[in-house]
Amino acid sequence: MNVTVYALSTCIHCKNAKQYLDERKVPYEAIHVDKTEGDERKKLVEEVKKYNPACSFPTIVVNGGDRVIVGFRKNELEEALGL
Amino acid sequence: MTAQQLYQALKKIQEPKGCYFNRDLENMTMPLLESLLENKTRYGYMACPCRIASGDYEQDRDIICPCVYREPDMEEYGACFCGLYVTREWNNEPAEEHAYVPERRPPEKIVF
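The text that follows walks through the structure, step by step, so that each part is easy to find. Computed from a predicted model, the values in this text were never measured in an experiment.

### Topic: the overall build of chain B
Along chain B, the regular secondary structure elements total five helices and two strands. Tracing chain B from N to C terminus, the helices and strands come up as α-β-α-α-α-β-α. On C-alpha atoms alone, chain B measures out to a radius of gyration of 14 Å, which is about the 13 Å that the 2.2 N^0.38 rule sets for 112 residues. Taken along the three principal axes of its C-alpha coordinates, chain B extends 40 × 30 × 25 Å. A fraction of 52% describes how many contacts in chain B between residues 6 or more apart in sequence connect residues 24 or more apart. In the structure as shown, chain B presents an accessible area of about 5800 Å², 51% of it carried by carbon and sulfur atoms. Charge-centre separation for chain B: the mean point of 13 positive side chains lies 6 Å from the mean point of 19 negative side chains.

### A look at the nonpolar core
Tyr 6, Val 33 and Phe 57 of chain A together with Leu 33, Cys 50, Leu 84 and Tyr 85 of chain B are the most contacted members of the largest nonpolar core, which totals 57 residues. Of all the secondary-structure elements, those providing two or more residues to this core are strand S1 (3-7), helix H1 (12-23), helix H2 (38-51), strand S3 (59-62) and helix H3 (74-81) of chain A together with helix H1 (3-14) and helix H2 (25-43) of chain B. At seven residues, H2 of chain B tops the list of elements feeding residues into this core.

### Some thoughts on the packing of aromatic side chains
All names here are of chain B. According to the stated counting rule, one finds six aromatic pairs over all chains in the structure shown. Residues Tyr 43 and Tyr 45 carry aromatic rings whose centres are separated by 6.1 Å and whose planes lie at 25° to one another, so their mutual orientation is stacked. Judged on exposure class, the residue Tyr 43 and its partner Tyr 45 are both buried. Ring pairs connect the aromatic residues Tyr 7, Phe 21 and Tyr 85, which therefore count as one cluster. One cation-aromatic arrangement involves Arg 70 over Tyr 85; the distance from NZ or CZ to the ring centre is 4.6 Å.

### As for the interface of chain A and chain B
Counting from both sides, the interface comprises 24 residues of chain A and, opposite them, 23 residues of chain B. Across the chain A to chain B interface the summed buried area is about 1800 Å²; carbon plus sulfur atoms make up 59%. Counting the surface chain A buries against chain B, the share from its top three residues, Thr 10, Ile 12 and Arg 41 of chain A, is 31%. At the junction of chain A with chain B, the criterion picks out one salt bridge. In this structure, the salt-bridge partner of Arg 42 of chain B is Asp 34 of chain A, at a minimum N-O distance of 2.9 Å. Counting every contact that joins chain A to chain B gives 10 residue pairs in polar contact (both at pLDDT 80 or more). Tallied by class, the residues present in the side of chain A that touches chain B amount to 11 nonpolar, six polar and seven charged.

Procedures and definitions
Residues numbered from 1 in each chain as written. Chains lettered and ligands numbered in written order. Predicted model: local features only at pLDDT ≥ 70, side-chain atom pairs only at ≥ 80, totals over all residues. Heavy atoms only, no water. Helix = DSSP H or I, 4+ residues; strand = E, 2+ residues; numbered from the N terminus. Rg over C-alpha atoms; globule rule 2.2 N^0.38 Å. Contact = heavy atoms within 4.5 Å. Areas by Shrake-Rupley, 256 points an atom, 1.4 Å probe, with all protein chains shown as cover. Lys, Arg positive; Asp, Glu negative; His and termini not counted. Charge placed at Lys NZ, Arg CZ, Asp CG, Glu CD. Core = buried A, V, L, I, M, F, W, Y, C linked by side-chain atoms within 4.5 Å. Buried < 20%, exposed > 50% of the residue type's maximum accessible area, 1.4 Å probe, protein only. Phe/Tyr/Trp six-rings, centres within 6.5 Å; stacked < 30°, edge-to-face > 60°. Lys NZ or Arg CZ within 6 Å of the ring centre and 35° of its normal. Buried area = accessible area lost by both parts, 1.4 Å probe. Salt bridge = Lys/Arg side-chain N within 4 Å of Asp/Glu carboxyl O. Polar contact = N/O pair within 3.5 Å; in protein donor to acceptor, adjacent residues only side chain to side chain. Nonpolar A, V, L, I, M, F, W, Y, C, P; charged D, E, K, R; others polar.

Below is the structure:
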């Protein structure tokens, strides 16, 4: 299973979601959009909007978009990741 | 300024307006206040830590804390999008009764 977390380094819901995945030992790639600049940031914002039109964080993408979980929602994560 | 100083200063201003800090100081309020100070250093103003700021003051006006969405969010959900500001009632409810606050900011506002 492939998990990407689009996050902001300052966002508490992102921090809590990452911490939760760490605790559950779920490997994931965290992309901190606010740590990027210029074209890279623009590209990432477009990418997040594709999965989550509201472009809110965290946006958690499972297997390239099979499931998209918006915000830190434990129940949805558990279900999507089979935890 | 430290997060503790910011806490004291904002508490005095916001509580009379009915906006209380999240009772979870350790895991929510203090880290969020730290993030607000980080954004102040980064952008020059306290942009919402849970939203992507452009760095352009005019463009980010609506998400400078307290953001313009705080009032409708608190009215509907009892908490702002970040969960930094909540109503007194929200603070008294068990955590499991708290609803997720969805993003209210129109995505068109996010322009780079």
